[in-house]
Amino acid sequence: MTIDTRRLLDLSYWKALNPHLTITQSPSFHPPLEIERARLDQISDTLHHDGYLHQSPLLQDKDIAALRLGIENLVHAGWPAAFIYVYDQVWDFFYQLNGFLSHFLGDRYGLLPHFWAWHIDKDDKGTTSGWPPHVDYSGECAFFDDYLISLSLWIPLTDATPENGCMNILPLSRQKEYETPIKEPTDILLQDVRCLPAKAGSVLGWRQDLWHWSGRSSKYATEPRISLSLEFQNRAFDPLCPPLYDLTSPPEPEQRIRLICGQFAKYDHMERVAGELEQAGKEIGITQT
């Protein structure tokens, strides 16, 4: 298949593919969710001790269903799930967590140009999986473990289960007990791993130096694992990858497409797209490492 880059940048094409979603220059967002202080304090303790958070569903079922259908339509048309970031609703989805993010990263937190989406098929041969063990950033991600520099959020749009490839992490409390820093996944003791099943709309997140990965689908999966991820940073620290964006004013539509295409080269060591799309991404993508 030959991909015309003009088609990639044609907003009318993406609108027709998902007419229930919108693509606008200035999206209209829902108000941020109100999360009680006691819950935020509990999450802070978990982040400090184990480096991750795992919250029960916070987002509305109708919003979850709209984005899930959007990804299903993209995948059916032969596109990577990451093209969901063309649409306003995915940015609104994360904006609803504004109060949540500002609690941990400060009121002027920034959006890093790093994002992805997954559609892990039900698979009776166990050939599809999420990404292998890795860290999102190998540098300093917290100041004396108390102040986060950066945070990754991961949200499942279908129930994430051990059968369809839910998230797994090495808790920070265990990671700190290793005598030498972990360099390779084989350095991780399997009994230290924590499996994190999550209902659709749950909010998972972790320090960016935390080892994590997702599993392989199996014949016991009842639905695909569909999920989203965005990365954020406290602006009190130098940008890990400039420029930082403002979630209240996401990139304009054509730039979203160019950013999506730039992700293909960035994450090719984790997940390869079709060769023609990879080449198109090199031509029009905004590449930031």
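Parameters and conventions
- Residues numbered from 1 in each chain as written.
- Predicted model: local features only at pLDDT ≥ 70, side-chain atom pairs only at ≥ 80, totals over all residues.
- Heavy atoms only, no water.
- Helix = DSSP H or I, 4+ residues; strand = E, 2+ residues; numbered from the N terminus.
- Rg over C-alpha atoms; globule rule 2.2 N^0.38 Å.
- Contact = heavy atoms within 4.5 Å.
- Areas by Shrake-Rupley, 256 points an atom, 1.4 Å probe, with all protein chains shown as cover.
- Lys, Arg positive; Asp, Glu negative; His and termini not counted.
- Charge placed at Lys NZ, Arg CZ, Asp CG, Glu CD.
- Buried < 20%, exposed > 50% of the residue type's maximum accessible area, 1.4 Å probe, protein only.
- Arc of directions from axis to C-beta.
- Salt bridge = Lys/Arg side-chain N within 4 Å of Asp/Glu carboxyl O.
- Axes fitted to C-alpha atoms, helices over the stretch in contact; angles between N-to-C directions.
- Parallel < 35°, antiparallel > 145°, perpendicular 65-115°, else oblique.
- Left-handed = near helix turned anticlockwise from the far one by under 90°.
- Nonpolar A, V, L, I, M, F, W, Y, C, P; charged D, E, K, R; others polar.
- Core = buried A, V, L, I, M, F, W, Y, C linked by side-chain atoms within 4.5 Å.

S.K.: Provide a residue-level description of the overall build of the protein chain, including the pertinent values.
M.R.: The number of helices and strands found in the protein chain is 9 helices and 10 strands. Relative to a compact globule of 289 residues, whose C-alpha radius of gyration would be 19 Å, the protein chain shows 18 Å and is just as compact. Reported as C-alpha extents along the three principal axes, the dimensions of the protein chain are approximately 50 × 45 × 35 Å. Of the contacts formed within the protein chain by residues at least 6 apart in sequence, a portion of 84% connects residues at least 24 apart. Accessible surface, the protein chain: about 13,400 Å² in total, of which carbon and sulfur atoms supply 49%. On the protein chain, the mean spot of the 25 positive side-chain charges and the mean spot of the 39 negative ones are 3 Å from each other.

S.K.: Summarise helix 9 (residues 275–284); cite the residues concerned and give the values.
M.R.: All of the buried residues in helix 9 are Leu277, Glu278, Ala280, Gly281 and Ile284. Around the axis of helix 9, the buried residues are gathered within 160° of arc, so they sit on the same side. Exposed and oriented more than 90 degrees from the buried face of helix 9 are Lys282 and Glu283. Those residues of helix 9 hidden inside the fold are in contact with helix 1 (5–8) and helix 8 (253–266).

S.K.: I'd love a proper account of the pattern of salt bridges, names of residues and values included.
M.R.: Enumeration over the complete set of coordinates arrives at 10 salt bridges. Sharing partners across several salt bridges, the network here consists of Arg174, Glu177 and Asp192.

S.K.: Summarise the packing of helix 3 (residues 37–50) against helix 6 (residues 98–105); cite the residues concerned and give the values.
M.R.: For the pair helix 3 and helix 6, interaxial distance at closest approach is 11 Å and the crossing angle is 50°. For the element pair helix 3 / helix 6, the angle class is oblique. For the pair helix 3 and helix 6, the crossing hand works out as right-handed. Each of Arg37, Leu40, Asp41, Ile43, Ser44 and Leu47 in helix 3 lies in contact with helix 6, whose residues at this interface are Phe100, His103 and Phe104. Its residues assigned to classes, the contact of helix 3 with helix 6 comprises 5 nonpolar, 2 polar and 2 charged.

S.K.: Outline the environment of Ala65, supporting the account with residue identities and numerical values.
M.R.: Among the structural elements, Ala65 can be located in helix 4 (residues 61–76). Since its relative accessible area comes to 30%, Ala65 is described here as partly exposed. It is 7.4 Å that separates the C-alpha atoms of Ala65 and Leu157, two residues lying 92 residues apart in sequence.

S.K.: How would you summarise the nonpolar core if you had to cite specific residues and measurements?
M.R.: Ranked by internal contacts, the top residues of the largest apolar core, which has 83 residues, are Trp14, Phe83, Tyr85 and Leu228. Among the elements that make up this core, the one with the highest residue count is strand 2 (residues 110–120) (6 residues). For Phe83, the contacting residues outside a window of four places in its chain are Leu8, Trp14, Leu74, Ile260, Cys261, Phe264 and Leu277. Core analysis: the second largest hydrophobic core is formed by 6 residues, Leu170, Tyr178, Ile188 and Trp211 among them.

S.K.: If you had to explain the packing of helix 4 against helix 5 (residues 88–95) to someone new, which residues and values would you point to?
M.R.: At their nearest, the axes of helix 4 and helix 5 sit 10 Å apart, and the two run at 140° to each other. When the interaxial angle is binned, helix 4 and helix 5 end up oblique. For the pair helix 4 and helix 5, the crossing hand works out as left-handed. Facing helix 4, whose interface residues are Asp63, Ile64 and Leu67, helix 5 presents Gln89, Val90 and Phe93. For the contact of helix 4 with helix 5, the residue count by class is 4 nonpolar, 1 polar and 1 charged.

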